[in-house]
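# Geometric and topological summary
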Amino acid sequence: MLPKLFFVYFAVMIIVLSLLVVTRKNLVHSIMWMLLLFIHIGGLYLFLNAEFLAAIQIIVYAGAILVLFLFVVLLLNIREEFGQRWFIRSWQGRGFVAAALLLAIMLALQYIVLAPMGKYSIDYIQRETHAKVLGTVLFNEYVFPFMIIALVLFVPMIAAVVLAIKRRKA
Amino acid sequence: MPGTYIPSEYLPILIALMAATAIVVGGLLFGSILRPRRPYPEKLLPYESGNPPVGEPRERFSIKFYVIAMLFVVFDVEAAFLYSWAVAYGNIGLYGFWGMVIFIVIIFIGYAYDWKIGALDWKDANEDKDKDKDTKEG
Amino acid sequence: MDFALTLGIIVIKIAVVFGIVLFHVAYATYFERKIIGRMQARHGPMEVGPHGLLQPFADIIKLFFKEDIVPSHADRWLFYIAPAIVVISSMTALSVLPFFEGFVIADINIGLLFILVITSISVYGIVIAGWSSNSKYSFLGGLRSAAQLISYEIAMGLSLVGVILMAGSMNLSDIVKAQHQYPLGMFAFPQFLGFFVFVVAAFAETNRAPFDLPEAEQELVAGYFTEYSGFRFALFFLGEYIAMLTMSIMVTLCFLGGWTIPLFMTNALPFLSYVPGIVWFLMKVYAFMFLFYWIRATLPRYRYDQLMAIGWKVLIPLSFANVLITAFIMRWL
Amino acid sequence: MTPVPLEWYLMLGAIVFIIGVFGFLTRRNIIMMLISIELMLNGVNISLLALSHYMQDMRGQVLVFFVIACAGAAVAVGLALMIAAFRNKPTSHMDEMDILKG
Amino acid sequence: MEQMDIEKDLQTKGLILNMGPQHPATHGVLRLMLHLDGETVVKCTPYVGYLHRGTEKLCENRTYISALPLMDRLDYISSMANDVGYCVAVERLFGIEPPDRAKYIRTMMCEMTRISSHILWLATHALDMGAMSVFLHSFREREWLLDLFEMITGARLTVSYPRIGGVRCDVNREFLESLYKFTEEFPKRIEEYETLIDQNRIWLQRTKGIGVISARDAINCGLTGPTLRGSGVSYDVRKHEPYDAYDQVDFEVPVGKNGDVYDRYRCRMEELRQSNRIIRQCIKKMPDGPILADNSPELDMPAEGHRKLIPEMSLSHACISLSDECESIAPAGEFYSAVEVPKGELGFYILSDGSGKPYRMRLRSPSFVHASALPRLCRGHMVADVIALIGTIDIVLGECDR
Amino acid sequence: MTLRDAAKKIFFLEILKGLALTFRTMINRPVTRRYPKVKREPFMGFRGRHAFVRDPGTGREKCVACLKCSIVCPSQCIRIEYKETEERRVLEKYEIEALRCVFCGYCAEVCPVCALVLTEVYEYADYTREQFLFDRERLLKNWDDFSSGLKTGAYFNKFWRLSGIDINRMPVGKRLQQSVQVKQKEFLSKESFDKGRAA
Amino acid sequence: MEPTEIAGLLKERFPMEVKEVTEFRGQVSITVKRERIKEILRFLHDAPELSFDYLEDLCGVDYLSKKEPRFEVVYHLYSMEHRKRIRIKAEVSEDDCAIDSVVNIWEGADWHERECFDMFGIVFKGHPDLRRILMPEDWEGYPLRKDYPVEGPEEKWRGFVEVLRKAEDFKKFELKG
């Protein structure tokens, strides 16, 4: 019962908060709701026995990416320039598309059948600590993708800085 | 069994969080009973060294802050990898070690580039130069 | 029944820790004023109680009775919650810190990361406080502070990687134990680079001199909390001092051996091992707190660009070097 | 204790994803669109982690880690592009962003 | 062209920040309007006048002596120097030569004022930079000096001590011994201040290369005092147009090289030592004798129409001033006289029409001129440097606004 | 850069020196006074609150209404009304607006009969502006307040008679050694002054 | 070169401009017409044997009913090189109360000229930013003119009235609260 209770709490909060995020007019408010959303998602990760990822979720998502958003909003001082309309004109139609997509996914979910297949049981992860297990897997089996991530991170360091700093030439 | 797991060692944190919230909210409520409330327009004016404020306070600001935040994202992600790497260091083979070294080197190249073009200087020499050029050309 | 007992113990632990910490904060302000006062050939607070010992309570009572002013055109709700974010997050951080052997509210495996989680969240309190006040000084102070915090967060996080490497764990109790087993008893010696970076970053993270730029009163009056008054102002203060305490404890746990003393010292002077761990712990923590005050009384303040330059151009390369050197030595030496 | 079914997690992930899609499709502001993308990624992450947890396999978690890293990079570049565009035309609305045309 | 550039910039991302008059760093009531680009100052406009009291106008309506207490309130932290400057100006106009002892006393007191003013400057300058201990350490010595002032003049700040043609009352041996003790102690204290900031890397980073002004520009802007000498111009009124006993004491005029904040700081620190030296020489060389010139105007010097109020018959003849010929000692003419106050050159341009009051009294206050150089110094620096620059030009708004 | 400089930079020598200084100051005695509790003794002749010297002979003020003080006052804050009788003037009204006063001491200095004095009282804050309009009674009361605090002997104010001036140039009333018989106050001697300062 | 010689040189060079040379206690003042004041000062500044590179002071004087023309602008010049001082007085009449600005020659003249304008109402032609400096921007009258009463104008300045009114408002407010 207890796990379900917690799940329902987190699920409801996550859904409500995500709705708040996409519907707020004030971007700063949106971002603050998003902060709360990320903290809740982190909480949910704890229930999936992924404490390290929960921490990383908050450190990177809430602590870094969201700060970046917040900074850009504050720096550019973006106001919603055009009065009341902060959704596009025909948002109902696109909302319908999204709803249809959701329906499709839900139908598809009915057919999922899965069985535990790995050796990383809860006890094992508890014993070894999640961060260690994840690190071991990551740095023994996925070194190459990891290095590709390095390149992925390399791109914004060059591109974003160049884009942001260099002024438009006459 | 999956799905029944409860991270019980985090329960104290939850309680501490609630206790902290209770302290803050309780303090504020308690204070709201005690404190006076006599606002008038001059008192509510934002501080501007004794002058009525000029212009919009939430003005656009230096792009430097964006660059800092952007670099912060990159380094934070890298730090996240470093933590898991450091914790699992005993179980990691040579591949993992050199992989991380190369990772750091790649990030460092980008970092050195940013340093070189002056993204890390708060007083931006490049920007000024560009400005001069702009005015000359324009 | 078992569950209720556990819960009771947790609640008592939290009550004890929070109570002591709040008391500590009250007296941290007192001792700061007293110590800095003496360093400046002044008396410091003397009037309320003997040697001004009741001064903190007078301050608290005063702040309760102060009017709470919300500037016009401020974003009311954000203005209200900004100090709460700072305080709640910094108080929550206390729950993962072990004070002596076995005494910790929440013994989690990622205790060290949790501290970083907390610091990354408390940035919001500051930047939101600055933005929502609708004042230029607050806005400048908030942005400055946010940029400063995130810059030094990296340095701080990276300087701890060396410790994690040596301890092989992110559990703070385990880190202390690992230090005790280490011949020199403190990671401050082998990790001297990391230690240096962490100390500097700790000063910057807590907005203390010489990095107290966001609240550099000669420039920005009071930085991001210029517009705050009364109890909300007190909350920012509370948050700042708890953060100072947290940082002192982190230094003690990660670099100074926590509640243990180096083995070679107990071997040389056996009676030292009878001193309870909490005494060592508090001695180290308060020595570091004293350093905070001492530095504040002595040094001028950096300029903002210099501060950022130190963070980005000195501390980050240093901490990377520290990580690589540590990893290299651990593997091959 | 009755376990939480995996489907619930997957459903939650799907809903978050769809809310992200909805936001991406309907908001006019570029920053909001980027935020919606983040929402979508989070929805996926929830599903991945849940699957990883239920299947007792670490691959999903490694992937989540990578997704977080990539999300950071993507946002950084996206916002940089927006800032560059903002320089030319101070707006953050998709409708107004027609600089490529001329 | 440049102006247009600023305009263009402001449209995109300018921030106008009011610094002062109610601001911790603007020493009194200076108001600076800063146009910021990020943290960099694009343009800085000072606004003064918040403390304007119309001193020049008031002087025109007071007798020469009654105007003296007004001079105390110009630069209220170095009031002795202002008083001496005023008295020197009036003496030169009247042609009065004060006795030697009075000259030495004045010189000594002026240098005491210079020390107290400079350590106040050091205190606030350091506090502005965040070095708060220097602030209170130097106040310790300042307090000592103010006690000495009080001992002899009866007031700590607004001394009203000099008189036209001398000084108000004599100094006694006790005072001189106390002062000598101070001068023995003081160089050690200077070293203490320097321990805290002089070689400190943060201080060096904050001050070197900030607010550089070349010697030529500094002269052209009319800067004086240590602010000018920091740029390497050796101009000191005490040396070049000596008044009082400055031609009889031995001292050096320290000059800087780069004209930045650090050099001006070094100049002032060196001046502290020189002042200390001058005080010691004064104590040693001080002759005995009268302290007021014989022909100096009485305190109740008449202005028109006032004399007849004094009764001829009364309790005694005590009320009748001895110098009935007061009217004649103010010749018609004009004179510009400058003295070196701690802030720089304080000039008095007095135009006398022969009556008991000055016809026109012009005060050339160094702070006013230095404040006018602020926009030039601030341009292109950061907000934190503006604080350093306000400190380095060492202005007192009482003098600036008059 | 010499080796010495490099060492200085790496080991923060100059900062350590500063830290040593602040630490030294901390363990020394503070130099400040705890003001409202420990009061400071002003020096002789401190120019504080105004008072009329109460003439021990008549029990009244000594003012002869010569108007010199009001003439010489730079801030023109003294107002005097008098009436002429056969042999002398009689003071009707004497007012000092202390809020406008600049405490230059000119009035006490020119007073030919040493009637007016600036006492050494420096704590005269009050709640209303009216309290600072010192009239005759108030001035006499000020003197009583001040002189009751004095210790044995005569009170002598150095601004009543300026040192270094030829005695013949002074008003007759000032040529006499002016002192008022009150309990003599122990003035701060040089030794105690230096002792107080040597911190 | 002695100040009297400088006066002679100036007279030689600008015979029509120099009106009077007086000396009082060793200080020489040269009274000139205002029309070519900028040229005169430029000459004094630039000539190498004079090089009056430092403008010590610039102020106005009002000779109400004592002298015609009514105003004088007084320049005190000092030569850092030769350590000499000279005083130039330019006459300005009341009807056409204007004179050329010398900000181009000495940057330090900027605020002095603004003050002179503020206090006497003398307009400095060519000054980049001629505003009131010590008095409030909307002040009426020129305080240092001799016909301006010491106690100020009858009608109180707007700002002062406003402050008084606000003080009254606050009193009322405190009573209410």
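Treat the numbers as computed from the prediction; the structure is a model and nothing was measured.

Definitions and cut-offs
- Residues numbered from 1 in each chain as written.
- Chains lettered and ligands numbered in written order.
- Predicted model: local features only at pLDDT ≥ 70, side-chain atom pairs only at ≥ 80, totals over all residues.
- Heavy atoms only, no water.
- Contact = heavy atoms within 4.5 Å.
- Buried area = accessible area lost by both parts, 1.4 Å probe.
- Salt bridge = Lys/Arg side-chain N within 4 Å of Asp/Glu carboxyl O.
- Helix = DSSP H or I, 4+ residues; strand = E, 2+ residues; numbered from the N terminus.
- Nonpolar A, V, L, I, M, F, W, Y, C, P; charged D, E, K, R; others polar.
- Buried < 20%, exposed > 50% of the residue type's maximum accessible area, 1.4 Å probe, protein only.
- Pairing = 2+ DSSP bridges.
- Axes fitted to C-alpha atoms, helices over the stretch in contact; angles between N-to-C directions.
- Patch = residues over 30% accessible without salt bridge, like charges linked within 9 Å, V, L, I, M, F, W, Y side chains within 5 Å.
- Areas by Shrake-Rupley, 256 points an atom, 1.4 Å probe, with all protein chains shown as cover.
- Domains from an automatic or database assignment.
- Polar contact = N/O pair within 3.5 Å; in protein donor to acceptor, adjacent residues only side chain to side chain.
- Phe/Tyr/Trp six-rings, centres within 6.5 Å; stacked < 30°, edge-to-face > 60°.
- Parallel < 35°, antiparallel > 145°, perpendicular 65-115°, else oblique.
- Left-handed = near helix turned anticlockwise from the far one by under 90°.
- Disulfide = S-S within 2.5 Å.
- Core = buried A, V, L, I, M, F, W, Y, C linked by side-chain atoms within 4.5 Å.
- pLDDT = per-residue confidence, 0-100.

### A few points about the interface of chain B and chain C
By convention, interface size is frequently given as the accessible area that disappears when the constituent parts associate. Listed by partner, the interface residues are 65 residues for chain B and 80 residues for chain C. For the chain B and chain C pair, buried surface summed over both sides reaches about 6400 Å², with 74% attributable to carbon and sulfur atoms. Counting every contact that joins chain B to chain C gives 1 salt bridge. Across the salt bridge formed by Asp 68 of chain C and Arg 35 of chain B, the nearest N and O atoms sit 3.7 Å from each other. Going through the elements one at a time, α1 (11–34), α2 (41–44), α3 (64–87) and α4 (94–117) of chain B are the ones with two or more residues in the side of chain B that touches chain C. Broken down by element, the side of chain B that touches chain C gets its largest block of residues, 16 residues, from α1 of chain B. Class assignment of the residues belonging to the side of chain B that touches chain C gives a composition of 47 nonpolar, 6 polar and 12 charged.

### A word on the pairing of strand β6 (residues 332–341) of chain E
Side-chain direction in a regular strand flips from residue to residue, so the side chains alternate between the two faces of the sheet. All names here are of chain E. The buried count for β6 comes to 9 of 10 residues, which makes it a mostly enclosed element. As paired elements, β6 and strand β7 (residues 344–353) share 10 bridges and run antiparallel to each other. Its bridge partner lying in β7, Ala 338 is registered against Gly 347. Remark: 2 residues form the turn of the hairpin made by β6 and β7, two consecutive strands paired antiparallel.

### Description of helix α15 (residues 383–393) of chain E
One turn of an α-helix holds 3.6 residues; hence residues three or four places apart share an orientation. Residues and elements named next belong to chain E. In terms of burial, α15 is a largely internal element, 11 of the 11 residues being buried. Along α15, the residues classified as buried are Val 383, Ala 384, Asp 385, Val 386, Ile 387, Ala 388, Leu 389, Ile 390, Gly 391, Thr 392 and Ile 393. Remark: Asp 394 follows α15 within two positions and exhibits a positive phi of approximately 55°.

### Let's talk about the sheet that holds strand β1 (residues 18–24) of chain G
Residues and elements named next belong to chain G. Strand order in the open sheet made by the 5 strands is β1-β2-β5-β4-β3, with mixed pairing throughout. Where the open sheet ends on each side, the last strands, each with one partner, are β1 and β3 (54–62). In this sheet, neighbouring strand axes are inclined to one another by 20° on average, regardless of whether the strands run parallel or antiparallel. Sheet topology places β3 next to strand β4 (residues 71–79); 8 bridges connect them, and they run antiparallel. Bridging across to β4, Asp 62 finds its partner in Phe 71. Each of β3 and β4 is contacted by helix α3 (residues 109–120), which is oriented at about 5° to β3, the strand it contacts most.

### What about a nonpolar patch on the surface?
Residues Leu 94, Trp 98 and Ile 102 of chain B together with Ile 325, Phe 328, Ile 329, Trp 332 and Leu 333 of chain C make up a contiguous nonpolar surface patch of about 820 Å² in total accessible area. Ranked by residue count, the leading element in the nonpolar patch is helix α12 (residues 304–332) of chain C, at 4 residues. Relative to the helices and strands, Leu 333 of chain C resides in the segment after α12. For Leu 333 of chain C, a relative accessible area of 77% translates into the label exposed.

### Examining the domain arrangement of chain A
All names here are of chain A. Assigned domains within chain A: domain 1 (1–86) and domain 2 (120–170). With 5 residues of domain 1 in contact, the opposing surface of domain 2 contributes 6 residues. Contact with domain 2 buries surface across domain 1, with Asn 49, Glu 51 and Phe 52 losing the most and accounting together for 85% of the total. Taken together, the connections running from domain 1 to domain 2 amount to 0 salt bridges. Here domain 1 is connected to domain 2 by 1 residue pair in polar contact (both at pLDDT 80 or more). For the side of domain 1 that touches domain 2, a count of residues per class yields 3 nonpolar, 1 polar and 1 charged.

### Topic: the interface of chain A and chain D
Taken residue by residue, the interface counts 89 residues in chain A and 75 residues in chain D. A buried area of about 7500 Å², summed over both sides, lies between chain A and chain D, and 78% of it is on carbon and sulfur atoms. When the area that chain A buries against chain D is broken down by residue, the three leading residues are Phe 7, Leu 48 and Phe 69 of chain A, summing to 9%. Where chain A touches chain D, the interface holds 0 salt bridges. Linking chain A to chain D there are 4 residue pairs in polar contact (both at pLDDT 80 or more). Elements supplying a minimum of two residues to the side of chain A that touches chain D: α1 (2–23), α2 (27–47), α3 (51–76), α4 (91–109), α5 (122–128), α6 (130–141) and α7 (143–165) of chain A. The biggest single contributor to the side of chain A that touches chain D is α1 of chain A, with 13 residues. A breakdown of the residues in the side of chain A that touches chain D according to their chemical character gives 69 nonpolar, 9 polar and 11 charged.

### So, the packing of aromatic side chains
Centre-to-centre distance and the angle between the planes together describe a pair of aromatic rings. One pass over the structure, following the stated rule, counts 76 aromatic pairs over all chains. Geometrically, the ring pair formed by Phe 108 of chain B and Phe 320 of chain C is edge-to-face, given 5.3 Å between the ring centres and 85° between the ring planes. A residue pair is termed interchain when its members come from two chains, as with Phe 108 of chain B in helix α4 and Phe 320 of chain C in helix α12. Assessed through its relative accessible area of 26%, Phe 108 of chain B is described here as partly exposed. Pairing Tyr 235 of chain E with Tyr 78 of chain G gives two aromatic rings, centres 5.2 Å apart and planes at 50°, and the pair type is tilted. Within this pair, whereas Tyr 235 of chain E is found in the loop between α10 (225–229) and α11 (237–240), its partner Tyr 78 of chain G is found in strand β4, the two belonging to separate chains.

### A few points about the pairing of β4 of chain G
All names here are of chain G. Here β4 lies mainly inside the structure; 9 of its 9 residues are buried. Where burial is concerned, the two faces of β4 agree: the one with Phe 71, Val 73, Tyr 75, Leu 77 and Ser 79 and the one with Glu 72, Val 74, His 76 and Tyr 78 are both buried. The pairing of β4 with strand β5 (residues 84–92) spans 9 bridges and is antiparallel. By the bridge assignment for β5, Ser 79 is matched with Lys 84. Between β4 and β5, which pair antiparallel and follow one another directly, the connecting turn spans 4 residues, one of which, Arg 83, has a positive phi of 55°.

### Notes on the packing of α3 of chain B against α4 of chain B
The geometry of a pair of packed helices is captured by two quantities: the angle between their axes and the separation between those axes. Residue and element names in this part refer to chain B. One can describe the packing of α3 onto α4 by two numbers: an axis separation of 12 Å at closest approach and a directional angle of 165°. By the angle between their axes, α3 is roughly antiparallel relative to α4. Classified by chirality, the crossing of α4 by α3 is left-handed. Only Gly 96, Phe 97, Met 100, Phe 103, Ile 104, Ile 107, Tyr 111 and Asp 114 of α4 make contact with α3, whose side of the interface consists of Leu 71, Val 74, Phe 75, Glu 78, Phe 81, Leu 82 and Trp 85.

### Section: the pattern of salt bridges
Close approach of charged atoms allows side chains with opposite charge to pair. One pass over the structure, following the stated rule, counts 76 salt bridges over all chains. Residues Arg 303 of chain C and Asp 385 of chain E are paired through a salt bridge, measuring 3.0 Å at the closest nitrogen-oxygen approach. Of the two residues, Arg 303 of chain C is situated in the loop between α11 (277–298) and α12 and Asp 385 of chain E in helix α15; the pairing between them involves two chains. Of the two residues examined, Arg 303 of chain C and Asp 385 of chain E, each falls in the buried class. A salt bridge links Asp 394 of chain E to Arg 268 of chain E; the shortest N-O distance between them is 3.8 Å.

### Structural notes on the state of the cysteines
Residues and elements named next belong to chain E. This structure, assessed with the given rule, holds 0 disulfides over all chains. Free cysteine Cys 59: the closest other cysteine sulfur is in Cys 87, separated by 12 Å. Looking at Cys 87, it has no disulfide partner, and the nearest cysteine sulfur is the one in Cys 110, 9.8 Å off. Judged by its relative accessible area of 0%, Cys 87 is buried.

### A closer look at the nonpolar core
Counting 279 residues, the largest nonpolar core has Phe 71 of chain A together with Tyr 66, Phe 81 and Trp 85 of chain B as its most contacted members. Per element, the largest residue contribution to this core is 23 residues, and it comes from α3 of chain A. Residues within four places of Phe 81 of chain B in sequence aside, it is in contact with Leu 138, Phe 139, Phe 146 and Ile 149 of chain A, Met 100 and Phe 103 of chain B together with Phe 65, Phe 66 and Ala 69 of chain D. Counting residues in hydrophobic clusters, the runner-up holds 188 residues, among them Leu 196, Tyr 262 and Met 286 of chain E together with Tyr 63 of chain G.

### Section: the confidence of the model for chain B
Residue and element names in this part refer to chain B. Per-residue pLDDT for chain B averages 76, and the proportion of residues at 70 or more is 75%. Note that pLDDT drops below 50 for residues 125–138; the model gives that stretch 17 contacts with residues more than four away or on any other chain. What the predictor reports for the complex is a pTM of 0.85 with an ipTM of 0.82.

### Notes on the side chain of Asp 75 of chain E
Residue and element names in this part refer to chain E. Structurally, the position occupied by Asp 75 is in the loop between α3 (68–72) and α4 (79–94). The exposure class of Asp 75 is buried, given its relative accessible area of 0%. In this structure Asp 75 touches Asn 82, Lys 343, Val 396 and Glu 399, once residues within four positions along its chain are discounted.

### A look at the sheet that holds strand β5 (residues 133–134) of chain F
Residues and elements named next belong to chain F. Strand order in the open sheet made by the 3 strands is β2-β3-β5, with antiparallel pairing throughout. Looking at which strands have only one partner, the edges of the open sheet turn out to be β2 (78–84) and β5. Across the face of the sheet, helix α5 (residues 136–149) comes into contact with β3 (89–97) and β5 while running at roughly 75° to β3.

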